[in-house]
Each structure stands twice: as C-alpha cells, then as structure tokens.
Amino acid sequence: MVKIAIGNDHTALEMKCIIKEYLEQKGYQVLDLGTNASESCDYPVYGEKVGRAVAAKEADLGIAICGTGVGISLAAGKVKGIRTCVCSEPYTAKLSRMHNDSNVLAFGARVIGIEMAKMITDAWLEAEFQGGRHQRRVDMIRKIEEQE
Ligand code: RB5
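Chemist: Could you clarify how one ought to interpret the packing of aromatic side chains in this entry?
Modeler: The way to describe two aromatic rings as a pair is by their centre distance and the angle between their planes. The final tally for this structure, using the stated rule, is zero aromatic pairs. Against the face of tryptophan 124 rests arginine 97, its NZ or CZ located 5.8 Å from the ring centre.

Printed below as a string of structure tokens:
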C-alpha cells in the first residue's frame, strides 16, 4: 500500500482534511504530520516534517499544503533527497513525476479550490517516473545537492 505523508499550516487545515479523506477512500495510507490546529503556525515546521518522513522512507511520497504552497515546499525541499513541486494545475503535477521524479507535491489552499486540488493529486499519484534521459537529469540535480 502506498503511504503518503501529508503536512500543512493553519491556512490549509480544511483542505488537508478533505485531501486526507480523499486519499484514504482511494486506498492510500496517510501519515498525517499536522498541523491539526487552526491557530496560526509556521509552515517550515510542517514542510520539514513531510520532507524528513519521505527522505527517511517512513512514507513513499509527500503532500504539503500552505497558503500558496511555496513556503512549505521550500522547507520540504531543503531536506536532502527531496524534490518538490508547487502545482496549480494537473499538467505540471504529472510531468513533475514523469520527468523530475518529484517526491513531494505542494499546492496552495488560498490559490486553488478543492476540486482542482483533487485533480492535481490524482494526476501526480497516477504518473510514473520515466527514467532514461530524465534519470540522468535528476542525477545532475542530486549532484548539485551533494556539492553544497
Ligand atoms: C501564512 O500566512 C502564509 O504565509 C503561508 O501559508 C504560505 O502561503 C507561505 O508560503
């Protein structure tokens, strides 16, 4: 069973709960890393949690949601081995898996509606990394990370 780590800040609590239930109904196992409180909180905390869970293989993939998706994806992407993408439509989500082997999907609860969030999530989860020349390019990204 594919396990998905999910994290969010206060702006995205409602969207997170709906996406979590949506994923569970589809048969995914969900590791909810919070926040589950509506009080204002700091998105880097939850981005890091999602990134670390995926990097440590506690989950296969991660989904991170904040107001824009940007801050939480930046935080998740600071964890070694994490490749994030912020998506507002399904095409980018799909190609980010197929070409970039993205392992954390981010989107903004203040940017897109819940139906678009579901479509993006489906497109991302249903796509597969294509390898080949794309593997070489992902390896180039990894090399940059290792040189830091
Ligand atoms: C919170 O106000 C907001 O800054 C956060 O949700 C996110 O959009 C940051 O990138």
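Chemist: Got a minute to help me understand the packing of helix H2 (residues 43-55) against helix H3 (residues 70-77) in this structure?
Modeler: The axes of two packed helices give the description: the angle between them and the distance between them. Relative orientation of the contacting elements H2 and H3 amounts to 45°, with a least axis distance of 7 Å. Here H2 is positioned oblique relative to H3, judged by the angle of their axes. Every pair of crossing elements has a handedness; the one defined by H2 and H3 is right-handed. Judged by residue contacts, Tyr43, Pro44, Tyr46, Gly47, Glu48 and Gly51 of H2 engage Gly71, Ile72, Ala75 and Ala76 from H3. Here the contact of H2 with H3 is built from residues that sort into six nonpolar, three polar and one charged.

Thresholds applied
The residue numbering used here restarts from 1 in each chain and proceeds along that chain's sequence as written. Owing to the predicted nature of the model, reporting of local features is limited to residues with pLDDT of at least 70; listing and counting of side-chain atom pairs is limited to 80 or more, with chain, interface and lining totals taken over all residues. The side-chain quantities take in all heavy atoms of the structure and omit both hydrogens and water. Any two of the Phe, Tyr and Trp rings considered here, Trp counted by its six-membered ring, make a pair once their centres fall within 6.5 Å; the pair's planes then place it as stacked at under 30 degrees, edge-to-face at over 60, or tilted in between. Counted as over-ring charges are cases with an Arg CZ or a Lys NZ within 6 Å of the ring centre that also lie within 35 degrees of the ring normal. Comment: axis = line fitted to C-alpha atoms, over the contacting stretch for helices; angle = value between 0 and 180 degrees taken between N-to-C directions. Under the DSSP-based scheme used, a helix requires at least four consecutive residues in state H or I and a strand at least two consecutive residues in state E, with every element numbered from the N terminus. Here is the rule for angles: anything less than 35 degrees is roughly parallel, anything more than 145 is roughly antiparallel, 65 through 115 is roughly perpendicular, and the remaining ranges are oblique. Two helices that cross are described as forming a left-handed crossing if the nearer one is turned anticlockwise from the farther one by less than a right angle, and a right-handed crossing if clockwise. We call two residues in contact when some of their heavy atoms are within 4.5 Å. Ten residue types, Ala, Val, Leu, Ile, Met, Phe, Trp, Tyr, Cys and Pro, are classed as nonpolar, four, Asp, Glu, Lys and Arg, as charged, and the remainder, Gly among them, as polar.

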